[in-house]
Amino acid sequence: MLEGKRIGLGITASHCTYEDVIPKIMNFRNAGATVVPIITHSVLTAATRFGTGEEWIQKIEALSGEKVVSSIVEAEPFGPKNPLDCMVIAPMTGNSISKFANASTDSPVLMAAKATLRNGSPVVLGISTNDALGLNGVNIMKLLNSKNIYFIPFGQDDPYNKPNSLISDFTKMVDTVAHAIEHKKQLQPLFIQYLK
């Protein structure tokens with residue numbers, strides 16, 4: 001399915017989801033893919049109740065067997081010079097959604113995504129934002145209608161306490177990527193009942 005594929009995994013600063021997302025690196029590797037981890041500056045520098053950037057980078061590099069890409073200069077060659085078969089951004093914060101939808105390329109993750117789209121290869125988004133059904137809704141709809149952009153299925157994670165919040169079901173990450181690469185189609189259903 002993903003044997004021999006080179007998958008970029010972009011990680012942005014939704015720190016509460018790392019425990020769900022980072023172990024999925026092994027799912028890709030077990031499917032025969034190489035995982036190239038790419039992070040935003042905030043992942044590198046933040047220290048939260050979920051851990052420090054240094055701790056997460058050690059885990060990411062141990063699981064992927066690859067050095068983390070942490071600068072725009074390092075990410076730029078993912079264009080024609082050193083292409084990825086697919087770029088996944090998971091978790092993807094509302095801030096990164098807004099920037100990506102409006103062609104702002106101010107992080108290594110967004111640079112790698114732009115380079116992947118430039119090559120005509122798929123970019124898969126795994127959203128995690130409290131603002132998805134708020135001001136960021138227009139950006140998500142814009143990306144849903146963009147060529148070669150796919151979403152890991154998502155739903156409301158806490159509809160009564162956080163009614164604007166959406167999060168992807170990261171257990172569907174590998175299937176979404178395989179579907180995007182093989183069929184150039186969105187894995188369905190896209191809107192799901194999110195169960196933690």
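Please refer to the structure higher up on the page.
The rules behind these values
- Residues numbered from 1 in each chain as written.
- Predicted model: local features only at pLDDT ≥ 70, side-chain atom pairs only at ≥ 80, totals over all residues.
- Heavy atoms only, no water.
- Helix = DSSP H or I, 4+ residues; strand = E, 2+ residues; numbered from the N terminus.
- Buried < 20%, exposed > 50% of the residue type's maximum accessible area, 1.4 Å probe, protein only.
- Axes fitted to C-alpha atoms, helices over the stretch in contact; angles between N-to-C directions.
- Parallel < 35°, antiparallel > 145°, perpendicular 65-115°, else oblique.
- Left-handed = near helix turned anticlockwise from the far one by under 90°.
- Contact = heavy atoms within 4.5 Å.
- Pairing = 2+ DSSP bridges.
- Phe/Tyr/Trp six-rings, centres within 6.5 Å; stacked < 30°, edge-to-face > 60°.
- Lys NZ or Arg CZ within 6 Å of the ring centre and 35° of its normal.
- Salt bridge = Lys/Arg side-chain N within 4 Å of Asp/Glu carboxyl O.

S.K.: Could you give an account of unusual backbone geometry, with specific residues and numbers?
M.R.: In this chain, Ala 90 is followed by Pro 91 through a cis amide linkage whose omega measures -5 degrees. Counting through the fold element by element, Pro 91 comes out in strand S5 (residues 86–92). Look at the link from Gln 188 to Pro 189: it is a cis peptide, with omega at -5 degrees. Locating Pro 189 in the fold gives a position in the segment after helix H9 (173–183). A positive phi is found at Ala 103, a non-glycine position, where the angle reads about 60 degrees. Residue placement: Ala 103 occurs in the loop between helix H6 (94–101) and helix H7 (108–118). Its identity is not glycine, yet Lys 184 carries a phi of approximately 55 degrees, on the positive side. Looking at the secondary structure, you find Lys 184 in the segment after H9.

S.K.: Any chance you could break down the side chain of Ser 96 for me, citing the residues and the numbers?
M.R.: On the secondary structure map, Ser 96 appears in helix H6. According to the relative accessible area criterion, Ser 96 is buried, its value standing at 7%.

S.K.: Hey, could you go over the packing of H6 against H7 for me, with residue numbers and the actual values?
M.R.: Contact pair H6 / H7: the axes reach a minimum separation of 11 Å and the direction vectors enclose 40 degrees. Relative to H7, H6 is oriented oblique. For the pair H6 and H7, the sense of crossing is right-handed. The segment H6 lies against H7, with Ser 96, Lys 99 and Phe 100 engaging Leu 110, Ala 113 and Leu 117.

S.K.: Before we move on, could you go through the pairing of strand S1 (residues 6–11) and cite the residues and values that matter?
M.R.: For S1, the tally of buried residues reaches five of six residues, placing the bulk of the element in the interior. As judged from the six bridges shared by S1 and strand S2 (residues 34–39), these two strands associate in the parallel manner. Along S2, the bridge assignment pairs Leu 9 with Pro 37. With four bridges joining them, S1 and S5 adopt parallel strand pairing. Its bridge partner lying in S5, Leu 9 is registered against Val 88.

S.K.: Provide a residue-level description of the packing of aromatic side chains, including the pertinent values.
M.R.: Taken as a whole and assessed by the stated rule, the structure comprises three aromatic pairs. Ring centres 5.8 Å apart and planes at 70 degrees place the aromatic pair Phe 151 and Phe 154 in the edge-to-face group. Given the relative accessible area of 2%, Phe 154 is considered buried. Ring centres 5.3 Å apart and planes at 85 degrees place the aromatic pair Phe 154 and Phe 191 in the edge-to-face group. One end of the pair, Phe 154, is in strand S8 (residues 154–155); the other, Phe 191, is in the segment after H9, and 37 residues separate them in sequence. Ring pairs connect the aromatic residues Phe 151, Phe 154 and Phe 191, which therefore count as one cluster. Sitting over the face of the ring of Trp 56, Lys 59 holds its NZ or CZ atom 4.4 Å from the ring centroid.

S.K.: I'd love a proper account of the pattern of salt bridges, names of residues and values included.
M.R.: For the structure on display, the rule yields two salt bridges. One salt bridge in this structure joins Lys 162 and Asp 157, with 3.3 Å as the shortest N-O distance. The class of Asp 157 is partly exposed, set by a relative accessible area of 28%.

S.K.: Tell me what's going on with the environment of Lys 81, and back it up with residues and numbers.
M.R.: Mapped onto the fold, Lys 81 is located in the loop between helix H5 (72–75) and S5. Take Lys 81: its relative accessible area is 73%, and that puts it in the exposed class. C-alpha separation for the pair Lys 81 and Ala 115, spaced 34 residues apart in sequence, amounts to 9.8 Å.

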